[in-house]
Every structure is written in C-alpha cells, then in structure tokens.
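# Structural overview
So you can see what is in the structure, the chains are spelled out below.
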Amino acid sequence: VQKEQVFESTVRAEYGEQVRFRMRDGTVVTLNAGSKIRHDNQFGNENREIYLAGEAYFEVNNEGQKHPFIVETDDALIKDIGTKFNINAYEEKETTEVVVSEGEVEVSSQMETSTRSSKAVSVKQGKMVNVSRASDQLIIKEANINQALGWLNKKLIFDNERFEDIVKRLERYYNIDITIKDESLKKKVVKASFNNERVEQVMSVLAISLGANYEIEGDSISFRSEDQF
C-alpha cells in the first residue's frame, strides 16, 4: 500500500491585516497581523493538529470529529475540550498566553525538564494561563477577556504597558516601522484604548501621553522626547 505523501500548508496574516477562515473540520480561525499557522495535509482526516506563530482566535468545531483539536506553539501545547479560545504566541513575548472565552482547554508546557514532570492544566471559561519558555510552571488567573480579544474588533487596548513593549503590536497592526529615539521614552507607561483609529490619530494620542513628539515619513515613524527637539 502506497503511503500518502505528507506535505504542509501555511496560512499567513501579513502586517496590517487579519485573516479569518474556516478549516476543513469546520473550525473557524481568525489570525492576527504578523501571524501564521501551519498544518499537514492529514489535518481533518488523520489529525487535527496545527502549529501557531503569533496570535489567533479559535472557534473549534467538535461535531462528528474523532481527533482532538491541538495547537502547538514554541512554549505550549493547547488541547481543546469544546471551546473558543485565544492564543498569543508572538516571538517577542517569550511566553504563550492562552485565554478561554468559552468552554475549556488543556494546556501543557513544551519545556523539556529532566523529569518531564510538566503536567497539563485545565483552563476554563474566563481564565487564562501564561506558558513561559524559561519555566514549566503554569499558573491560572482571571482573564481580562475584553482586552485579550479586543483585536478581533479592531481595538488596540494598552493597560499600563511600557511603550517599548507595545511598539511591535503597533507595527503589526498598522504595517509601519517605529523608532524610539530616546531611551527615556521606552520605559514610559501607556494606558489607552483605540477603536479602529487612523494611525496619525493613535500616534498623536501616544505622543501626548508620553510627553513626546513624533515624525511620520512614509511608513516610518520616530518618537523623541519633547525636550530633544
């Protein structure tokens, strides 16, 4: 019997865009900007396993399915138990954040330990877990669902986050390059939310809250402290 050749498919969302699509098993996936999922051609038949780099929201269909729906990231393995959940596994985060908006998932660490004692934890509706690549400890917390899923409705929500930590999100969302000219601006904290605003509007608000000035040249934006001009 000739074995079916296994090949991989990749779906990407480029910077500045989101992609929403239905997979062969009926699961609906929304990919955030700068993200990709990869699966082999056995998906939906021999397995329901995918690899995610970046961020995605999964609305899993389990009707008539004989295989569990499993998402793998660099840090975590997430097994669905009938649910809707968000996974944020962007490279710069060094953690995988799993937020469950409906149902339940089982999450385990990918970290190799000498005893391989990393047990799976069950994360239920309204809860979240962060899986670090430095530790196999999994701590379940209350989730801020609105903040975690804001991107699905084109919202940007920054809740007391350092400017240097939100730059990558802004670059992906607007497909721009941001340069911070002064070290002092990097550690300043931003608390703001935007709902599908134009890039100029967002940069203007950020500049005011940071005490900074900004310049836009094409797709490049630079920020300087007000006293540096």
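Residues numbered from 1 in each chain as written. Predicted model: local features only at pLDDT ≥ 70, side-chain atom pairs only at ≥ 80, totals over all residues. Heavy atoms only, no water.

### As for the pairing of strand β12 (residues 127-132)
How we decide: In this scheme, strands are said to pair when DSSP sees at least two bridges between them. Think of it this way: any DSSP run of H or I at least four residues long counts as a helix, any run of E at least two long counts as a strand, and we number them from the N terminus.
Pairing between strand β9 (residues 95-102) and β12: five bridges, direction antiparallel. For E97, the partnering residue across the bridge sits in β12 and is N130. The pairing of β12 with strand β13 (residues 139-142) spans four bridges and is classified as antiparallel. The residue of β13 that forms the bridge with N130 is I139. Linking two consecutive strands that pair antiparallel, namely β12 and β13, is a turn of six residues.

### Thoughts on the pattern of salt bridges
Any two side chains of opposite charge can pair, on the condition that their charged atoms come close. Put simply, the rule reads: Each reported salt bridge corresponds to a side-chain nitrogen of Lys or Arg within 4 Å of a carboxyl oxygen of Asp or Glu. Under the scheme applied here, a residue whose accessible area is under 20% of the maximum for its type counts as buried, over 50% as exposed, and between as partly exposed, the area being computed with a 1.4 Å probe on protein chains only.
Using the criterion set out here, one finds 17 salt bridges in the structure. Linking K191 and D159 is a salt bridge whose minimum nitrogen-to-oxygen distance equals 2.9 Å. One end of the pair, K191, is in strand β16 (residues 189-195); the other, D159, is in strand β14 (residues 155-162), and 32 residues separate them in sequence. For K191, a relative accessible area of 58% corresponds to the exposed category.

### What to know about helix α2 (residues 163-174)
What counts, and what does not: Each residue after the first adds 1.5 Å to the expected span of a helix. Whether two residues are in contact is decided by their heavy atoms, any of which lying within 4.5 Å being enough.
Spanning 12 residues, α2 covers 16 Å between terminal C-alpha atoms, matching the ideal 16 Å at 1.5 Å per step. Every buried residue belonging to α2 is among F163, I166, V167, L170, E171, R172, Y173 and Y174, and all of these are buried. As for α2, its buried residues are in contact with β14, β15 (177-180), α3 (183-186), β16, α4 (199-210) and β18 (220-225). Phi for N175, located one or two positions after α2, is positive at around 55°.

### Focus: the packing of aromatic side chains
Using the following cut-off: In summary, the pairing rule links any two rings of Phe, Tyr or Trp, Trp by its six-membered ring, whose centres are within 6.5 Å, and it sorts them by plane angle into stacked for under 30 degrees, edge-to-face for over 60 and tilted for everything else. A positively charged side chain is recorded as over a ring if its NZ (Lys) or CZ (Arg) lies within 6 Å of the ring centre. The angle to the ring normal must also be within 35 degrees.
Per the counting criterion, the structure on display carries seven aromatic pairs. With a centroid separation of 4.7 Å and 70° between ring planes, the pair formed by Y173 and Y174 is classed as edge-to-face. Since its relative accessible area comes to 17%, Y174 is described here as buried. Through a chain of ring-to-ring contacts, three or more aromatic side chains come together here, namely F43, F58, F69 and F85. Between the NZ or CZ atom of R172 and the centre of the ring of Y90, over which it lies, the distance is 3.2 Å.

### Concerning the nonpolar core
The following threshold applies: Among the buried residues, those of types Ala, Val, Leu, Ile, Met, Phe, Trp, Tyr and Cys that are joined through side-chain atoms within 4.5 Å form a nonpolar core.
F58, V71, I78, F85, I87 and V107 are the most contacted members of the largest nonpolar core, which has 28 residues in total. Those elements that place two or more of their residues in this core are β3 (28-31), β5 (49-59), β7 (76-80), β8 (84-89), β9, β10 (104-109), β11 (121-124) and β12. Of the residues forming this core, the biggest block, four residues, is contributed by β5. Among all residues touching I78, those that are not within four sequence positions of it are F69, I70, V71, T73, F85, I87, T96, V98, V105, E106 and V107. If you look at the next biggest cluster of nonpolar residues, it comprises 24 residues, including V167, I176, A192 and A212.

### Some remarks on a negative patch on the surface
As a reminder, the rule being used: Each patch is built from salt-bridge-free residues with over 30% relative accessible area, joining like charges within 9 Å and nonpolar side chains (Val, Leu, Ile, Met, Phe, Trp, Tyr) within 5 Å. Surface accessibility follows the Shrake-Rupley procedure with a 1.4 Å probe radius. Residue values consider only the protein chains on display as shielding. We count Lys and Arg on the positive side and Asp and Glu on the negative side, and we leave His and both chain ends out. To locate a charge, take atom NZ for lysine, CZ for arginine, CG for aspartate or CD for glutamate.
The grouping of E49, E72, D74 and E91 at the surface amounts to a negative patch. Note on placement: E49 falls in strand β5. On the accessibility criterion, E49 (46% relative accessible area) is partly exposed.

### A word on the side chain of D80
Going by this rule: Pairing of N or O atoms within 3.5 Å defines a polar contact, subject to two protein rules: one partner must be a possible hydrogen donor and the other a possible acceptor, and residues neighboring in sequence count only if both atoms are side-chain atoms.
In this structure, D80 sits in strand β7. Nearest to the buried, unbridged D80 among oppositely charged side chains is R48, at 5.0 Å. At 3.0 Å, the side chain of D80 forms a polar contact with the backbone nitrogen of G82. Not counting the four nearest positions on each side in its chain, D80 is found in contact with V60, N62, F69, F85, E104 and V105.

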